[in-house]
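Inside the fold
If you want the building blocks of each chain, they are given just below.
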Amino acid sequence: RLDGTRFPATVWVTPLHTRRGLLVAATVRDLTHRQESDTRVQRFAARAHERQDLANALLAGVKEAALLVTDARGRITATNRAAQKLLGYRTGELVGLPTTRLSDEDDLDAAAAELGVPVGADPLLELARSGLPTAQDWTWRTKDGDRRPVSVRVTPVGESHDPAGFVLTATERVAAWEPVLAGSRGSGDRLLLELDDAPTRALRWQVGGGWARRR
């Protein structure tokens with residue numbers, strides 16, 4: 001520049017034949033902003049890589065509970081060994097699958113009807129997206145089709161109404177508790193069944209009502 005400072009640029013030189021002879025047209029494009037943008041992208045990629053390494057370390061370190069990480073659409077992006085062992089999948093087989101693949105279709109349909117969530121959506125994720133309680137007793141299916149009763153908690157990543165993804169933490173429920181839960185139906189539950197607003201339906205779900213007691 002006039003003051004002697006340097007800047008990155010691309011230059012196109014084009015020869016022009018005219019009556020006055022050969023002229024040269026030079027087009028200069030200042031790349032300062034582009035270079036700064038590239039630098040920001042590189043820094044962002046480095047931070048993302050560091051975060052991915054941290055996420056992988058956390059997944060590997062948690063062995064007592066099954067962890068599944070999903071994107072905003074509910075497709076699994078990462079799991080830990082406990083989740084693979086619980087569900088009977090090999091390393092990497094769960095990645096790319098929707099969380100609904102882990103549930104029985106009848107359970108999903110019953111939940112969709114009771115909670116008013118879209119058909120085909122995972123009700124656990126929709127509860128988290130709505131900011132409602134997400135600690136639920138649920139049943140997952142293994143790769144071989146066996147049923148696994150689990151206690152699941154869903155945590156949205158970022159803003160709950162517009163999350164970047166979800167983290168599902170699940171522990172296997174002991175089968176011996178099932179008769180106790182199944183036999184606890186009372187008049188209070190019948191009263192809740194008559195109420196139809198979304199928060200009440202979510203609360204009824206959380207305390208073990210709804211589909212779990214009808215089965």
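Keep in mind that this is a model prediction, so the values were computed, not measured.

Looking at the pattern of salt bridges
Taken as a whole, this structure holds 9 salt bridges when the rule is applied. The partner of arginine 141 in a salt bridge is aspartate 104, with the nearest N and O atoms 2.9 Å apart. With arginine 141 in strand β5 (residues 136-141) and aspartate 104 in the loop between α2 (81-87) and α3 (105-115), this residue pair connects regions lying 37 residues apart in the sequence. Note that arginine 148 is salt-bridged to glutamate 172, the shortest N-O span being 3.8 Å. Of this pair, arginine 148 sits in strand β6 (residues 147-157) while glutamate 172 sits in strand β7 (residues 165-172); the two residues are 24 residues apart in sequence, bridging distant segments of the chain. By relative accessible area, arginine 148 is classed as partly exposed at 25%. Given the relative accessible area of 46%, glutamate 172 is considered partly exposed. Look at the salt bridges and you will find they share partners, linking Asp104, Asp107, Arg141 and Arg147 into a network.

Some details on the confidence of the model for the protein chain
A residue-level look at the protein chain finds 67% of positions with pLDDT of 70 or above and a mean pLDDT of 75. Ranking the helices and strands of the protein chain by mean pLDDT puts α2 first, with 90, and helix α8 (residues 211-214) last, with 44. Across residues 176-188, where pLDDT falls below 50, the model places 8 contacts with residues more than four positions away in sequence or in other chains. Predicted confidence for residues 190-196 stays below pLDDT 50, and this span has 6 contacts to residues more than four positions away or in other chains.

Focus on the sheet that holds strand β3 (residues 66-71)
If you walk across this open sheet you meet the 5 strands as β4-β3-β7-β6-β5, and the pairing is antiparallel. Edge positions in the sheet fall to β4 (76-79) and β5, since each has one partner strand and no second. Sheet twist, expressed as the average angle between the axes of neighbouring strands with direction ignored, equals 35°. Pairing between β5 and β6: 6 bridges, direction antiparallel. Bridge pairing links aspartate 137 to serine 151 in β6.

What about the environment of alanine 83?
Relative to the assigned elements, alanine 83 resides in helix α2. Residue alanine 83 is classed as buried on the basis of its relative accessible area of 0%. Between the C-alpha atom of alanine 83 and that of glutamate 64, which follows or precedes it by 19 residues, the distance is 9.8 Å. Alanine 83 has contacts with Ala66, Leu67, Leu68 and Leu94, leaving out every residue within four places of it along the chain.

The rules behind each value
For every chain, the first residue of its written sequence is number 1, and the numbers climb from 1 along that sequence. Reporting in this predicted model follows two pLDDT cut-offs: at least 70 for local features of residues, and 80 or more for side-chain atom pairs to be given and counted; totals over whole chains, interfaces and linings ignore these cut-offs and use all residues. Here the side-chain values reflect all heavy atoms present in the structure, with hydrogen atoms and water set aside. Throughout this description, the term salt bridge denotes a Lys or Arg side-chain nitrogen within 4 Å of a carboxyl oxygen of Asp or Glu. Strands are runs of DSSP state E lasting at least 2 residues, helices are runs of H or I lasting at least 4, and numbering of each runs from the N terminus. Exposed residues in this analysis have more than 50% of their type's maximum accessible area, buried residues have under 20%, and partly exposed residues fall in between, with area computed by a 1.4 Å probe over protein chains only. A residue's pLDDT is simply how confident the predictor is in it, with values from 0 to 100. Contact criterion: two residues are considered in contact whenever any of their non-hydrogen atoms come within 4.5 Å of each other. DSSP bridges decide pairing: two strands pair if at least two such bridges lie between them. Working convention: axes come from line fits to C-alpha atoms, limited for helices to the stretch in contact. Angles between N-to-C directions cover 0 to 180 degrees.

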